[in-house]
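If you want the building blocks of each chain, they are given just below.
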Amino acid sequence: MKKIKLDIVGLSYSQTQSGAYALVLGEISGRRRLPIIIGSFEAQAIAIEIEKMTPSRPLTHDLFKSFAQAYNITVQEVIIYNLVDGIFYSKLICSDGKRTMEIDARTSDAIAVSVRFDCPIYTYEFILSTAGIVIEGNDFVYLENISETPEEKGTISATGSYATLSDDELRTRLQEALAEEAYEKAAKIRDELTKRRAS
């Protein structure tokens, strides 16, 4: 069965399930998107690695990577191989250089591991044709700040409170937030700094 390569194109607060996030994977050579609902911890773990933020202590997926590397095990690829009753099934394809092993994993954990090992993500045609959506134009290509909750929508942006601070003060607060493992706060400060660099 031919594998279809996917890439992470979106991560945002879920509009349909409270406390959950929508991870959107996109077909590399096509316009189809595969939305997957994941938990907040896994969403944060994925976003932290994508944004290259360094937590003060290793997260669970960082621990997995360190443990695997200590025994010379690499994750070569992630395959989303089945979809049953709305639940995606995934596996990690791992190797120690001599043997190749398949390890069953929740899709959210598998993606969090894949971004740490910088390995490709694949699925099969029947999954994309069943659960995928086709995007017209360039819509839906985003990586949103995952810390925005429904309560924060419609209120003054949290980054607005940082607008009066200097860049140096923001960088100091960013380091403090990371040290306290306040990742949502750190993401908002990072967004303010990014917005300033872009303007």
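Now for a quick tour of the structure. (Residues numbered from 1 in each chain as written. Predicted model: local features only at pLDDT ≥ 70, side-chain atom pairs only at ≥ 80, totals over all residues. Heavy atoms only, no water.)

Looking at the pattern of salt bridges
Thought 1: All told, the structure shown has nine salt bridges when counted by the stated rule.
Thought 2: Across the salt bridge formed by R106 and D109, the nearest N and O atoms sit 2.9 Å from each other.
Thought 3: We classify R106 as partly exposed; its relative accessible area is 49%.
Thought 4: Between R171 and D168 there is a salt bridge, with its nearest N and O atoms 3.0 Å apart. In this pair, R171 and D168 both sit in helix α5 (residues 167–179), three residues apart, roughly one turn of the helix.
Thought 5: Linked by salt bridges that have partners in common, E27, R32 and E125 make up one network. (Salt bridge = Lys/Arg side-chain N within 4 Å of Asp/Glu carboxyl O. Buried < 20%, exposed > 50% of the residue type's maximum accessible area, 1.4 Å probe, protein only. Helix = DSSP H or I, 4+ residues; strand = E, 2+ residues; numbered from the N terminus.)

Focus: the packing of aromatic side chains
Thought 1: Scanning the model with the defined rule gives four aromatic pairs in all.
Thought 2: Ring geometry for Y81 and Y89: centres 6.4 Å apart, planes at 55 degrees, overall tilted.
Thought 3: Accessibility expressed as a relative area gives 33% for Y89, which makes it partly exposed.
Thought 4: Ring geometry for Y124 against F126: centres 6.5 Å apart, planes inclined by 10 degrees, an arrangement best described as stacked.
Thought 5: The exposure class of F126 is partly exposed, given its relative accessible area of 33%.
Thought 6: Directly above the aromatic system of Y122 lies the positively charged group of K3, at a separation of 4.6 Å from the ring centroid.
Thought 7: Positioned above the aromatic ring of Y81, the side-chain terminus of K91 is 5.0 Å from the ring centre. (Phe/Tyr/Trp six-rings, centres within 6.5 Å; stacked < 30°, edge-to-face > 60°. Lys NZ or Arg CZ within 6 Å of the ring centre and 35° of its normal.)

Concerning the side chain of S114
Thought 1: Topologically, S114 is positioned in helix α3 (residues 107–117).
Thought 2: Side-chain polar atoms of S114 contact the backbone oxygen of I111, separated by 2.8 Å.
Thought 3: Residues contacting S114, with those up to four places away along its chain left out, are V78, C119 and I121. (Polar contact = N/O pair within 3.5 Å; in protein donor to acceptor, adjacent residues only side chain to side chain. Contact = heavy atoms within 4.5 Å.)

Quick look at the pairing of strand β1 (residues 3–13)
For a regular strand, side-chain orientation follows a simple rule: the groups alternate between the two sheet faces.
Thought 1: Burial runs high along β1: eight of the eleven residues are buried.
Thought 2: Where β1 meets strand β7 (residues 121–124), four bridges bridge the pair, whose relative direction is antiparallel. Bridging across to β7, K5 finds its partner in Y122.
Thought 3: With seven bridges joining them, β1 and strand β2 (residues 20–27) adopt antiparallel strand pairing. Looking at the pairing, I8 lines up with L25 of β2. (Pairing = 2+ DSSP bridges.)

Interpretation note: all reported values are geometric properties and have no functional meaning in isolation.
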